[in-house]
Protein chains: 2
Amino acid sequence: MAGTRRHTLRDIAATLNLSVNTVSRALSGKDGIGEKTRALVRAEAERVGYVPNSVARSLVLGSAMTFGLVITNPSNPFYAQLISSIELRARNHGYSLLLMVTGESEEYETRAVESLLRSSVSGSIAVPVQASADPWRRLGTVGVPTVLLNRDLPDLGYRFVGTDNELGGYRATAHAISRGARSIVVLEEDLPITTIADRIAGFRRAMAEAGLSVPRGSIMRVPTRRHEQAALPWQPQQAYQVARRMLRRARLPDAVVVGNDYFALGLYRALEECGLKVPDDMMVIGFGDYPFSAFLSPPLTTVRLPAEEVGDIAVDLLLEEIAGGRSARPLKQLIAPTLVERESTNRTTFARTLV
Amino acid sequence: MAGTRRHTLRDIAATLNLSVNTVSRALSGKDGIGEKTRALVRAEAERVGYVPNSVARSLVLGSAMTFGLVITNPSNPFYAQLISSIELRARNHGYSLLLMVTGESEEYETRAVESLLRSSVSGSIAVPVQASADPWRRLGTVGVPTVLLNRDLPDLGYRFVGTDNELGGYRATAHAISRGARSIVVLEEDLPITTIADRIAGFRRAMAEAGLSVPRGSIMRVPTRRHEQAALPWQPQQAYQVARRMLRRARLPDAVVVGNDYFALGLYRALEECGLKVPDDMMVIGFGDYPFSAFLSPPLTTVRLPAEEVGDIAVDLLLEEIAGGRSARPLKQLIAPTLVERESTNRTTFARTLV
DNA sequence: ATGAAAGCGCTAACAA
DNA sequence: TTGTTAGCGCTTTCAT
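Criteria and thresholds
Residues numbered from 1 in each chain as written. Chains lettered and ligands numbered in written order. Predicted model: local features only at pLDDT ≥ 70, side-chain atom pairs only at ≥ 80, totals over all residues. Heavy atoms only, no water. Helix = DSSP H or I, 4+ residues; strand = E, 2+ residues; numbered from the N terminus. Rg over C-alpha atoms; globule rule 2.2 N^0.38 Å. Buried < 20%, exposed > 50% of the residue type's maximum accessible area, 1.4 Å probe, protein only. Contact = heavy atoms within 4.5 Å. Areas by Shrake-Rupley, 256 points an atom, 1.4 Å probe, with all protein chains shown as cover. Lys, Arg positive; Asp, Glu negative; His and termini not counted. Charge placed at Lys NZ, Arg CZ, Asp CG, Glu CD. Pairing = 2+ DSSP bridges. Axes fitted to C-alpha atoms, helices over the stretch in contact; angles between N-to-C directions. Phe/Tyr/Trp six-rings, centres within 6.5 Å; stacked < 30°, edge-to-face > 60°. Near = heavy atom within 4 Å. Polar contact = N/O pair within 3.5 Å; in protein donor to acceptor, adjacent residues only side chain to side chain. Nonpolar A, V, L, I, M, F, W, Y, C, P; charged D, E, K, R; others polar. Buried area = accessible area lost by both parts, 1.4 Å probe. Salt bridge = Lys/Arg side-chain N within 4 Å of Asp/Glu carboxyl O. Arc of directions from axis to C-beta. 1 Å grid on protein atoms, 1.4 Å probe; cavity = no way out; pocket = protein on both sides within 12 Å on 5 of 7 lines; lining within 4 Å. Points joined across faces, edges and corners; volume = space filled by probe spheres on them. UniProt positions renumbered as here; feature names shortened; annotations may be inferred.

Draft legend 1. Region of interest: the overall build of chain A. The helix and strand inventory of chain A stands at 13 helices and twelve strands. Its C-alpha atoms give chain A a radius of gyration of 26 Å, more than 25% over the compact-globule value 20 Å for 355 residues. Expressed along its principal axes, the backbone C-alpha trace of chain A runs to roughly 95 × 40 × 35 Å. The burial tally for chain A puts 58% of its 355 residues in the buried class. Long-range contacts, defined here as pairs at least 24 residues apart, represent 69% of the contacts in chain A between residues at least 6 apart. For chain A, the exposed area adds up to about 14,600 Å²; of that, 50% sits on carbon and sulfur atoms. Of the side chains in chain A, 42 bear a positive and 37 a negative charge, and the two mean positions are spaced by 2 Å.

Rendered as structure tokens:
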């Protein structure tokens, strides 16, 4: 890979007997320049294959036309989609994406923010680990606009966009109840984040509204993958083990609401091994509507998160924050998830619940 | 988000009555500086919360301690994992990641390369669209080290790491044959890339070695998602439709080898609707070993791609290329995928094949 | 051990 | 319309 030195404005200026400044303005499309000169400069730039040095540009402008995107785990299908949609929209507005993966590690989150600061990013979009608000507070202090995604840190007063998890939990639960469930168990990852707490709150609200009790053991925790080196894809295996434990109980629930569709896979397996049928013996409601969920057997009823919409809004919020104007839209946006009803809650007989 | 101006070397130099140079060396750990001075500078830097400006640093050094990572689609679980492992390893070597998503678009690939050039990345890792080698050739011409991932462009002579897809296709097919299959169909995305062509070549080799014929219609194509705006998650739906078409044939194959595990989902659905059982009526072999594949019913036999290993090697190859030394390892590396045998090929009766 | 000076490639203010 | 000057924050000679 040979290293032909790159051409600079100065090179072009020299061969054309112009000043660097003139060349700069000709190329950047500013006015105050003769049309013939501009054409000349453009032709020469074209000829030598001029590529602007955006590092130099960033240095003088103090900002790099780059967004930092800080994500916990790209193998989460929701975040994978988010990456795509954010990259696309950022690109369409002329921004590049500096991607950092925290893997739920507070330590790396701190280093990621440090890295963003060094890089003079124009702004950042982040899913915080939610162990501490400090790193993100720091960004704000030095004036880097930041939009929080999916997990808020309310103390900071930053713009935020996320899923309404409370509503999601509520809808999932209410749906199960409407299909005849009276005893419901929740399977959630054992991670201290608001998204999970909110879903559980929604679950409790739905149960309360229906006058149903929530006995101890209704909320089961799947061991977390936090603190693993690389961000690994989710392991339905761990949900499977928790599900097996649950199925040893004397009284089984009518329905299980899981925190993500991967957990539903483990639950399906456990149920199958115990000879229990979904939905007749037990209903299952997922969360996420991952690409595989509609194709499970039976197809999984699940709460769909509008990843694309969330991503687009995140970028828009960030652009507004950068522009500095008051925004038309609210600073905090909770997007309502929608319930996708499929066979896993389409009970034909009410055998067990009618006992 | 207030904008307290960032402290610079000059600020520290001023308050300490030192030269910028001295401060720079004190902080960068170079020698030729008194221990007391160094301690003093460090303390002051700490006190004011000094953050180095890596844009300035990049400008003078001509390189940005950043890798460009150009990927077709983060919603492909294989690439999602790749992003994680590459980010981790790059970070451990002090590099940041500039992420670009092509969505299989040649046009955006070209713009992505342009963007990498502007940004003075230290190097890049790319899954090329394989429509043209030109963009990537350009990177090499101006001296940006580039490692190709998963899809090679042999003309360029760049370092490359990928899966041995031919071997993967071979192993999948040979396995089906060993389980009694004599008539096999392949379902692949309709995309003109070497990975797919290689898998099909492997399929043909296995069939030939077994003395089995490959009649017309053995290779079925699933409509591609190329040219969609955002990179969408794969739609098993399209594979389902192709599978339905196949199942209308007079003579059904004993086994179907699919190009990725998402396609297996669509196939499972189609088979179920037709009342056909996996594996007894038809065996299914996937590709990718996605996180859900072990939890399908029946669990899917599939070819596992070593995503983490491929990602790590990609970074190592790039680091070697940047260092400029001859590498111990070969410039082109094909990683052998492994077959994960599960129930979808565990045939208990040979009813149909023994007719 | 420390300082002074130059320059990376660009943009922005001000002159001409 | 074009040129001159200065400077973004840092690293790297070369002096001292």
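Draft legend 2. Main features of the sheet that holds strand S12 (residues 338-340) of chain A. Residue and element names in this part refer to chain A. Pairing in this open sheet of six strands is mixed, and the strands run S7-S6-S8-S9-S10-S12 from one edge to the other. Only two strands of the sheet have a single partner each, and these edge strands are strand S7 (219-222) and S12. Averaged over all neighbouring strand pairs, the angle between strand axes comes to 20°, with direction disregarded. Strand direction decides the pairing type here: strand S10 (residues 301-304) and S12, joined by three bridges, are antiparallel. Bridge pairing in S12 places Arg304 opposite Thr338. Where helix H8 (residues 165-178) meets the sheet, it contacts strand S6 (184-189), strand S8 (255-258), strand S9 (283-288), S10 and S12, and its direction lies at approximately 160° from that of S9.

Draft legend 3. A look at the packing of aromatic side chains. All names here are of chain A. Scanning all chains against the criterion turns up eleven aromatic pairs over all chains. Where Tyr262 meets Phe292, the ring centres are 5.3 Å apart and the plane angle is 45°; that geometry is what we call tilted. Within this pair, whereas Tyr262 is found in helix H11 (residues 261-273), its partner Phe292 is found in the loop between S9 and S10, the two being separated by 30 residues in sequence. Overall, the relative accessible area of 3% leaves Tyr262 in the buried class. With a relative accessible area of 1%, Phe292 lands in the buried category.

Draft legend 4. Fine view of the protein's contact with DNA strand D. Contacts to DNA strand D come from 26 residues, most closely from Asn21(A), Thr22(A), Arg25(A), Leu9(B) and Tyr50(B). A distance of 2.8 Å is found between a phosphate oxygen of DNA strand D and a side-chain nitrogen or oxygen belonging to Thr37(A). Within the contact set of DNA strand D, a phosphate oxygen lies 2.6 Å away from a backbone nitrogen or oxygen of Leu9(B). When residues of the surface near DNA strand D are traced back to their parent elements, those giving at least two are helix H2 (20-28) and helix H4 (54-61) of chain A together with helix H1 (9-16), helix H2 (20-28) and helix H4 (54-61) of chain B. Residue contributions to the surface near DNA strand D peak at four residues, all from H4(B). By residue class, the composition of the surface near DNA strand D is eleven nonpolar, eleven polar and four charged.

Draft legend 5. Broad picture of the interface of chain B and chain A. Counting from both sides, the interface comprises 69 residues of chain B and, opposite them, 69 residues of chain A. Between chain B and chain A, a total of about 5,700 Å² is buried, with carbon and sulfur atoms accounting for 60% of that surface. Joining chain B to chain A, the criterion identifies zero salt bridges. If you look at where chain B meets chain A, you find 20 residue pairs in polar contact (both at pLDDT 80 or more). For the side of chain B that touches chain A, the secondary structure elements donating two or more residues are H4, helix H5 (77-92), strand S2 (96-101), helix H6 (106-118), helix H7 (134-141), helix H10 (236-247), helix H11 (261-273) and helix H12 (307-323) of chain B. Of all the elements, H5(B) adds the most residues to the side of chain B that touches chain A, at seven residues.

Draft legend 6. Examining helix H7 (residues 134-141) of chain A more closely. Residues and elements named next belong to chain A. All buried positions along H7 are accounted for by Pro135, Trp136, Leu139 and Gly140. Within H7, the buried residues cover an arc of 145° as seen down the axis, which keeps them to one side. Gly143 sits one or two positions beyond H7 and adopts a positive phi of about 90°.

Draft legend 7. Layout of the layout of surface pockets. Here the second largest pocket defines a volume of roughly 700 Å³. Glu272(A), Ser297(A), Pro298(A), Glu272(B) and Ser297(B) are the residues nearest the centre of the second largest pocket, which is lined by 28 residues in total. Of all elements in the fold, only H11 of chain A together with H11 of chain B reach the threshold of two or more residues within the lining of the second largest pocket. Class assignment for the residues of the lining of the second largest pocket results in 17 nonpolar, four polar and seven charged.

Draft legend 8. Structural context of the protein's contact with DNA strand C. Taken together, the neighbourhood of DNA strand C is formed by 26 residues, with Leu9(A), Asn21(A), Tyr50(A), Asn21(B) and Arg25(B) sitting nearest. Between a phosphate oxygen of DNA strand C and a side-chain N or O atom of Lys30(A), the distance comes to 3.1 Å. Secondary-structure elements contributing two or more residues to the surface near DNA strand C are helix H1 (9-16), H2 and H4 of chain A together with H2 and H4 of chain B. Sorting elements by how many residues they give to the surface near DNA strand C places H4(A) first, with four residues. The class makeup of the residues in the surface near DNA strand C is eleven nonpolar, eleven polar and four charged.

Draft legend 9. Layout of the UniProt feature "domain: HTH lacI-type" (unreviewed entry) in chain A. In the UniProt entry, the feature "domain: HTH lacI-type" (unreviewed entry) is given for residues 8-61 of chain A. As annotated, residues 8-61 of chain A comprises 72% helix and 0% strand, and the C-alpha atoms at either end are separated by 18 Å.

Draft legend 10. Spatial organisation of unusual backbone geometry. Residues and elements named next belong to chain A. Residues Val278 and Pro279 are joined by a peptide bond in cis, for which omega reads 5°. Tracing the backbone through its elements, the reader meets Pro279 in the loop between H11 and S9. Of note in the backbone geometry, Ser120 takes a positive phi value of approximately 55° without being a glycine. Along the chain, the position of Ser120 falls in the loop between helix H6 (106-118) and strand S3 (123-126). We classify Ser120 as buried; its relative accessible area is 9%.

Draft legend 11. The sheet that holds strand S9 (residues 283-288) of chain B, seen in detail. Residue and element names in this part refer to chain B. If you walk across this open sheet you meet the six strands as S7-S6-S8-S9-S10-S12, and the pairing is mixed. Looking at the sheet topology across the chains shown, the edges are occupied by strand S7 (219-222) and strand S12 (338-340). Across the sheet, the mean angle separating the axes of adjacent strands is 20° when strand polarity is ignored. Against the sheet, helix H8 (residues 165-178) makes contact with strand S6 (184-189), strand S8 (255-258), S9, strand S10 (301-304) and S12, and its axis sits at roughly 160° relative to S9, the strand it touches most. Running at roughly 175° to S6, helix H9 (residues 194-209) makes contact with S6, S7 and S9 of the sheet.

Draft legend 12. Local environment of the environment of Arg10(A). Residues and elements named next belong to chain A. Examined against the element boundaries, Arg10 turns out to sit in helix H1. Overall, Arg10 belongs to the exposed group, its relative accessible area being 62%. Taking the C-alpha atoms as reference points, Arg10 and Val20, separated by ten residues in sequence, lie 5.4 Å from one another.

Draft legend 13. Up close: the pattern of salt bridges. All names here are of chain A. Going through the model one piece at a time under the given rule, you end up with 44 salt bridges over all chains. Notably, a salt bridge pairs Arg137 with Asp134, separated by 3.0 Å at the nearest N-O pair. Taken as a pair, Arg137 and Asp134 lie in helix H7 at a separation of three residues, close to a single helical turn. When salt bridges with common partners are traced through the structure, they connect Arg89, Arg159, Asp312, Asp316, Glu320, Glu321 and Arg329 into a single cluster.

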